[in-house]
Amino acid sequence: MSNTEFAIEIEALRKTYAAQAGQPAKQALKGVDLRIPAGSIYGLLGPNGAGKSTMINILAGLVTKTSGSVRIWGFDQDVNPRMARASIGVVPQELNIDPFLSPLQSLEVQAGLYGVPKSERHSRALLAALGLADKADAYARTLSGGMRRRLLVAKAMVHSPPVLVLDEPTAGVDIELRRQLWDFVRDLNARGVTIILTTHYLEEAEEMCDRIAIIHQGALRAEAPTAELLGALDGKTLRVECAAPPPALAQLQAALPQASVSQLADSAILEVSFRQGVLDAGAILHALLGAGVQIHDVTTRQADLEDVFLYLTQDEDASEAAMAVKAAP
């Protein structure tokens, strides 16, 4: 395999689905540029219909792009499609497993399709690594949903690709199996495999990913190291539990014009949302005390990936703040 700084290089990638059955043509990808560093765990996030699945299917060779270029592990899909395809393994969302084959048979068939010699196959080792050793010879139709999901990961790894795409890998998987899957993914990454992850569990992306790209309506809204994305919104929320009913919200908001003050329904708890570059917690508490608030307890919450995600995938066009966190490749 080729040594390369980037596991995936995408330039001006466009995909337009033709009009059919009275439906207009749909532009699923609108000139996306993306470079995924080799050896990283990379998050590809976006709401349903954003274009993530189209991009993954193009990488897997299942969908033909309209225009643009794709290089996988240094191999151009248009120039060397065979090596590009051999350099990537894809774990799909759908649990598409032959119910009449055992897990071991499924891996052996998959390895044969990739031309892996029998002497170089490691099917049983893969099953063991994913906690399926005792199910090696069972019918796949007897496996639980979580086991089937892990079998798909094993199938994607039979040819030892340097790049692995996990499309919603923990959907329908319980907490214990999810932890086991992530341990396996971390081990793969430690051995040099580049991991591309899509997930709706944003806390997973925040914990696992080195870098994150956010796609919305077929366009790239932001791409940066995870910590940089989280720092793009310096928002913070101060939750104040009052020892007595607080003054009217209008009075409190007047005392804090640079923040947003709200009160939890039927409670003596106030929430003050503010930007750390504008205010600090001390100034807010001073203003609240001056407005007559009797403070019993205070807690804070930092902006997390969910806040960033929601901010960047609003229906309106990408804002200046969104573009500010779009890192240079």
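Located above this text is the structure these notes cover.
In this report, the structure presented in the accompanying data block is examined.

Procedures and definitions
- Residues numbered from 1 in each chain as written.
- Predicted model: local features only at pLDDT ≥ 70, side-chain atom pairs only at ≥ 80, totals over all residues.
- Heavy atoms only, no water.
- Helix = DSSP H or I, 4+ residues; strand = E, 2+ residues; numbered from the N terminus.
- Buried < 20%, exposed > 50% of the residue type's maximum accessible area, 1.4 Å probe, protein only.
- Arc of directions from axis to C-beta.
- Contact = heavy atoms within 4.5 Å.
- Polar contact = N/O pair within 3.5 Å; in protein donor to acceptor, adjacent residues only side chain to side chain.
- Core = buried A, V, L, I, M, F, W, Y, C linked by side-chain atoms within 4.5 Å.
- 1 Å grid on protein atoms, 1.4 Å probe; cavity = no way out; pocket = protein on both sides within 12 Å on 5 of 7 lines; lining within 4 Å.
- Points joined across faces, edges and corners; volume = space filled by probe spheres on them.
- Nonpolar A, V, L, I, M, F, W, Y, C, P; charged D, E, K, R; others polar.
- Lys, Arg positive; Asp, Glu negative; His and termini not counted.
- Salt bridge = Lys/Arg side-chain N within 4 Å of Asp/Glu carboxyl O.
- Pairing = 2+ DSSP bridges.
- Axes fitted to C-alpha atoms, helices over the stretch in contact; angles between N-to-C directions.
- Phe/Tyr/Trp six-rings, centres within 6.5 Å; stacked < 30°, edge-to-face > 60°.
- Lys NZ or Arg CZ within 6 Å of the ring centre and 35° of its normal.

**Some details on the overall build of the protein chain**
Next up, step 1: Looking only at helices and strands, the protein chain has 12 helices and 14 strands in total.
Next up, step 2: A principal-axis box enclosing the C-alpha atoms of the protein chain has dimensions of 75 × 45 × 45 Å.
Next up, step 3: Counting all 329 residues of the protein chain, 45% fall into the buried class.

**Describing helix α10 (residues 281-290)**
Next up, step 1: Those residues of α10 lying buried are I284, A287 and L288. Axial view of α10: buried residues confined to an arc of 100°, hence all on one face. Exposed residues lying more than 90 degrees from the buried face of α10 are H286, L289 and G290.
Next up, step 2: Of the surrounding secondary structure, the elements contacted by the buried residues of α10 are β11 (235-242), α9 (249-255) and β13 (269-275).
Next up, step 3: Two or three places before G282, at the opening of α10, D280 has a side-chain oxygen 3.1 Å from that residue's backbone nitrogen.
Next up, step 4: Looking one or two places after α10, you find G292, whose phi comes out positive at around 100°.

**Some words on the nonpolar core**
Next up, step 1: Of all hydrophobic cores here, the largest spans 45 residues; its most connected members are L45, L164, L166, I195 and I212.
Next up, step 2: Each residue touching I212, except ones within four places of it in the same chain, is listed here: G43, L45, A205, A222, E223, A224, T226, L229 and L305.
Next up, step 3: If you look at the next biggest cluster of nonpolar residues, it comprises 28 residues, including L29, I36, V165 and A213.

**Some remarks on the layout of surface pockets**
Next up, step 1: In this structure, the largest pocket spans a volume of roughly 390 Å³.
Next up, step 2: Considering the residues around the largest pocket, the lining is formed by 18 residues, among which A60, L62, V90, P92 and N96 are closest to the centre.
Next up, step 3: Its residues assigned to classes, the lining of the largest pocket comprises eight nonpolar, six polar and four charged.

**A look at the side chain of K52**
Next up, step 1: Within the secondary structure layout, K52 lies in helix α1 (residues 52-59).
Next up, step 2: The buried charged residue K52 lacks any salt bridge, with E168 as its nearest oppositely charged partner at 5.5 Å.
Next up, step 3: Among the polar contacts listed, one links the side chain of K52 to the backbone oxygen of G46, at a separation of 2.8 Å.
Next up, step 4: Within the structure, K52 has its side chain in polar contact with the backbone oxygen of P47 (distance 3.3 Å).
Next up, step 5: Among all residues touching K52, those that are not within four sequence positions of it are L44, L45, G46, P47 and T198.

**Looking at the sheet that holds strand β1 (residues 6-17)**
Next up, step 1: A sheet is described by the order of its strands in space; here four strands give the open sequence β2-β1-β4-β5, paired in antiparallel fashion. Unpaired on one side and paired on the other, β2 (26-37) and β5 (75-76) mark the two borders of the sheet.
Next up, step 2: Bridge analysis of β1 against β2 gives nine bridges, and the strand direction is antiparallel. Bridge assignment links L13 to a residue of β2, and that residue is V32.
Next up, step 3: Packed on one face of the sheet, α1 meets β1, β2 and β4 (67-72) and runs near 115° to β1.

**So, the packing of aromatic side chains**
Two descriptors summarise a pair of aromatic rings, namely the distance from one centre to the other and the angle between the planes of the rings.
Next up, step 1: Evaluation of the coordinates by the stated rule reveals zero aromatic pairs.
Next up, step 2: The cationic tip of K15 hangs over the ring face of Y17; the distance from NZ or CZ to the ring centre is 5.1 Å.

**Regarding the pattern of salt bridges**
Next up, step 1: A full pass over the atoms with the stated rule returns nine salt bridges.
Next up, step 2: A salt bridge links E108 to R121, with the shortest nitrogen-to-oxygen separation between them at 2.9 Å. Of this pair, E108 sits in helix α3 (residues 103-113) while R121 sits in the loop between α3 and α4 (123-129); the two residues are 13 residues apart in sequence, bridging distant segments of the chain.
Next up, step 3: Given a relative accessible area of 28%, E108 falls into the partly exposed group.
Next up, step 4: One salt bridge in this structure joins E207 and R186, with 3.0 Å as the shortest N-O distance. Of this pair, E207 sits in helix α7 (residues 202-208) while R186 sits in helix α6 (residues 175-190), and the two are 21 residues apart along the sequence.
Next up, step 5: A relative accessible area of 59% means that E207 is categorised as exposed.
Next up, step 6: Exposure remark for R186: the relative accessible area of 35% places this residue in the partly exposed category.
Next up, step 7: Overlapping salt bridges, with partners in common, bring together E9, E11 and R71 in one network.

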